[in-house]
Amino acid sequence: MKQSLLILFSIIISSSFAIAQNPVKGVVKGSNGISIPNATIKVRGTNISVSADTAGVFSINPKQQPPFYIQVSSVGYKPQDFQILNIQDTPIELVLVENALLDEIVVTSRRRSEVLQDVPIPITVIGGQAAENAGAFNVNRLKELVPSVQLYASNARNTTLNIRGLGSTFGLTNDGIDPGVGFYVDGVYQARPAATSTDFIDIDQIEVIRGPQGTLFGKNTTAGAFNITTKKPSQIPGGKVELSFGNYNFIQAKTSITGPVAKNLAARLSISGTQRDGTIYNTREQRSYSGQNNLGFKGQLYYTPSDRLSVLLSGDASIQHPAGYPLVIAGVTATERSAFRQYARIVSDLGYSQQKVDPFSREINTNTPWKHNQSIGGLSVNVDYKIGGGTLTSTTAWRFWNWDPTNDRDFSELAALTKSQGNSRHDQYSQEIRYAGNLSEKLSGVIGVFALAQNLKGLDQTEEVGKDQWRFVQTANTGSQALYSTPGLLDGFGIKTNSTIKSLSAAVFAQVDYEIVKHLHVLPGIRFTYDKKDVDYSRTTYGGLQTTDAALLALKAAVYSNQLFNINTNNNNLSGNLTVSYRPTDKINAYGTFSTAYKPVGVNVGGLPTASTGEADLTLAVVKPEYVQHYELGIKTKPTKGAILNVTAFNTDIKDYQTNVQSPQLGVNRGYLANAEKVKVRGLEIDGTYQLERFLTLNAAVAYLDGKYVKFTNAPLPLEETGHTEIINGVSTQVAFKDASGGRLPGISKWNTSGGAEFSIKGNLATKEGRYFIAGDISYRSDYSSNPTPSRVLNVSGYSLINARLGFKSDKFSLFAWSRNIGNKNYFEQLQAAAGNSGLYAGVLGDPRTYGLTLRYAF
């Protein structure tokens, strides 16, 4: 019996050994059927690997029984994993697909997969790997790669994301306005502009879509959209690790893993962390600000029970606890107020030295710590079901945003406007259902419904002044105004605001693409939108000298007063577009578009100016919707192999443009919203790319933008004209507004350019086959206005930035050195008047030169 068992066991061992020793033989080919020489073949999960010969033929001994995976890779081709279920005697044929050529990039901007050059919409596409290589790990850094994009941020909340100069109000943010640039990640609309400050995690592709797109996307997009897709989980195990180190103690680590967890169920987990010391030093606190302290998580489950049905469950969270992002004193200008109210005189009367104006020393001397903590994230479920020639998609999502800041709004050592804390909590719930695809041989399109509910709360938002504020608000040292010097009158005097904006946006939209005759396509689209906003606003004063003296109470009320109001408003809109596209060959796509769009009604929750009665001016509580008419002509071409050249000309007219107004009243120091009667933006965009095999890649883009107030008769005075008087009915009267018609819009440079190049050669690093490369990019912006009303002093000078990198890359491994702003250019991103308009203004500084090293490994 024992002998029989030993014989049987020996047979089993021998059989297993024989199977394990059987090699896998095959040949590696490209999609064109031509053999790929010297491809690398590796048994996943082991160190067993071989190289194919010059004819693509290989033989590898896996030393294990099926099933198992082998990885096949070759420079210039997408790495591919193949599952081996059994070992056969005849050679197997493994096919690799070339990395996408420039004219074969696939986009989903029309809610279905299409080749970029076939889509009659101006779109810039940036691959996730390309963005990482360029150091663009968040949206703010993409503006250097896409000239038509403008992003300005003094902190995550005060973020303006515009395309072609349109989208959001410039400068300080008011929560009561909707963005005009849609921001989508995996089909989920993200309502708060703070989403643009988070680090990218597992990005697959970024599509920047220019012009109104309300008939394709759920939310109104009057200026364009960012359509970001991330990598999905895979049944094939894999992962990536990336480490970066740089000056200012910069450390960034990213990792992601993916693989199967059950039959038809795959998972992906990704983590990203970024840490950097500050670039602005507070001499009073002896600490640095404007650093980075970011941590992000993303988890996904992908269920694919059949070829027709797929379900993606995603959850993400990003936490940012930087020291804060202070503004530096950029200058002091004289206003038209009396000599008694000039900034220099006020500082002197308070016994301080005049403020140091040396912004690029990167030093501040504020006496209130800066803090800009935020957490943002959410959950979503995407369900795709293929029906006929298209896909029915349901996207359900919940997202949150918590904002916990502290700002010193006098930007100095003075105890004037000592504290500004706009604590907020935002929740949004969205549902989109759409069907997109080919309805017949000549007809395709998309139809959908969308609903978005938001609840935005201001939680004990605080503004507080200190012992020096009395001199800033004092208009004279005689009469009742002399009482402002009463000891302790305004010390610790402030307001706490609690507000709620509950909003609902619902829409039905559709667009079709019909080939009426060969090569000629007509694309009509239509959208109906309903918007509703309910506001509760309550502001109460606290602190300061406790007194019953009527004269002193009146002086305090002139600085801060209680405000209480409720607003209920709604509106609806019917808009649409019509595009005609002519594609005589696969190398030309000429198109023209006319579209209408709108941005919904706005509400003011940053404090309202007071009327002559001392009460809040409720006529300013609601801001009329924007109405857009847009014309565009474009042509997309492929002039030669590997080359793309696209040209777009456009004109956008906006009625009742929603703009931000900076008021001299402290109670509205974050500004309030108002309407400019008419605005026009027109421009020309040219972009091109060229790829010569794998050796050379070139890209360049230029955008000319001309944005003006056609009519803005009630614009706020610029800083230098504060206190301006005019003769009205024979009486010299101080005015607060002016006619800014013909003035340029803020944030728009007439000329925006970018360009880049990468040259690489084949080589080996130790045993790794890959390519050595050197790459660089340059961007330029001409000067632009940094104030809602054109100003002589609040203008940002034009600047150029140069970035570069060099190193080695392969399909699995990369190592390269990089530098951003190589020339260490000193530049402002934004200028703004200090609250109270006494003459001081401050600036947001661009980053200095940074450099470092990045190591990336995929497995």
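Residues numbered from 1 in each chain as written. Predicted model: local features only at pLDDT ≥ 70, side-chain atom pairs only at ≥ 80, totals over all residues. Heavy atoms only, no water.

(A) Region of interest: the side chain of Asp-178. Positionally, Asp-178 belongs in the loop between β12 (159–163) and β13 (181–185). Judged by relative accessible area, Asp-178 falls into the buried class, the value being 9%. One polar contact links Asp-178 to Lys-219, side chain to side chain, over a distance of 2.9 Å. A distance of 2.8 Å separates the side chain of Asp-178 from the side chain of Lys-533, its partner in a polar contact. Setting aside its immediate chain neighbours within four residues, Asp-178 contacts Gly-167, Lys-219, Lys-533, Lys-599 and Pro-600. (Helix = DSSP H or I, 4+ residues; strand = E, 2+ residues; numbered from the N terminus. Buried < 20%, exposed > 50% of the residue type's maximum accessible area, 1.4 Å probe, protein only. Polar contact = N/O pair within 3.5 Å; in protein donor to acceptor, adjacent residues only side chain to side chain. Contact = heavy atoms within 4.5 Å.)

(B) Local environment of the pattern of salt bridges. Considering all chains together, one arrives at 36 salt bridges under this definition. The closest approach of N and O atoms between Lys-467 and Asp-468, which form a salt bridge, is 3.2 Å. (Salt bridge = Lys/Arg side-chain N within 4 Å of Asp/Glu carboxyl O.)

(C) Region of interest: the environment of Asn-752. Checked against the element boundaries, Asn-752 lands in strand β45 (residues 751–765). The exposure class of Asn-752 is buried, given its relative accessible area of 2%. For the pair Asn-752 and Gln-150, spaced 602 residues apart in the sequence, the C-alpha separation amounts to 9.9 Å. Leaving out residues up to four positions away in the same chain, Asn-752 has contacts with Pro-147, Ala-701, Val-702, Ala-703, Leu-705, Tyr-780 and Arg-781. Engagement of the side chain of Asn-752 in a polar contact is seen with the backbone oxygen of Ser-749, the distance being 3.0 Å.

(D) Structural view of the confidence of the model for the protein chain. Residue-level pLDDT values for the protein chain average 89, and 94% of them are 70 or greater. When the criterion is pLDDT under 50, residues 666–670 qualifies, and its contacts beyond four places in sequence or with other chains add up to 31 contacts. (pLDDT = per-residue confidence, 0-100.)

(E) Up close: the nonpolar core. Leu-161, Phe-183, Ile-206, Phe-226, Val-535, Tyr-657 and Leu-745 are the most contacted members of the largest nonpolar core, which totals 51 residues. Beyond its immediate sequence surroundings of up to four residues, Phe-183 is in contact with Val-139, Leu-161, Val-188, Tyr-189, Gln-190, Ala-195, Thr-196, Phe-226 and Ile-228. Core analysis: the next-biggest nonpolar cluster, separate from the first, contains 34 residues, Phe-170, Val-347, Ala-416 and Val-796 among them. (Core = buried A, V, L, I, M, F, W, Y, C linked by side-chain atoms within 4.5 Å.)

(F) Representation of helix α6 (residues 550–559). Within the sequence span of α6, burial applies to Leu-552, Leu-555, Lys-556 and Val-559. Buried residues of α6, viewed axially, fall in a sector of 95°; they line one side. In α6, the exposed positions angled more than 90 degrees off the buried face are occupied by Ala-550 and Ala-558. Each element contacted by the buried residues of α6 is listed here: α5 (469–473). (Arc of directions from axis to C-beta.)

(G) Fine view of the sheet that holds strand β25 (residues 363–364). The three strands are arranged β21-β20-β25 in an open sheet whose pairing can be described as mixed. Since the sheet does not close on itself, it has two edges, and those belong to β21 (287–289) and β25, each with one partner. Note that strand β20 (residues 280–282) and β21 share three bridges and pair antiparallel. When the bridges of β21 are listed, Tyr-281 appears paired with Ser-288. (Pairing = 2+ DSSP bridges.)

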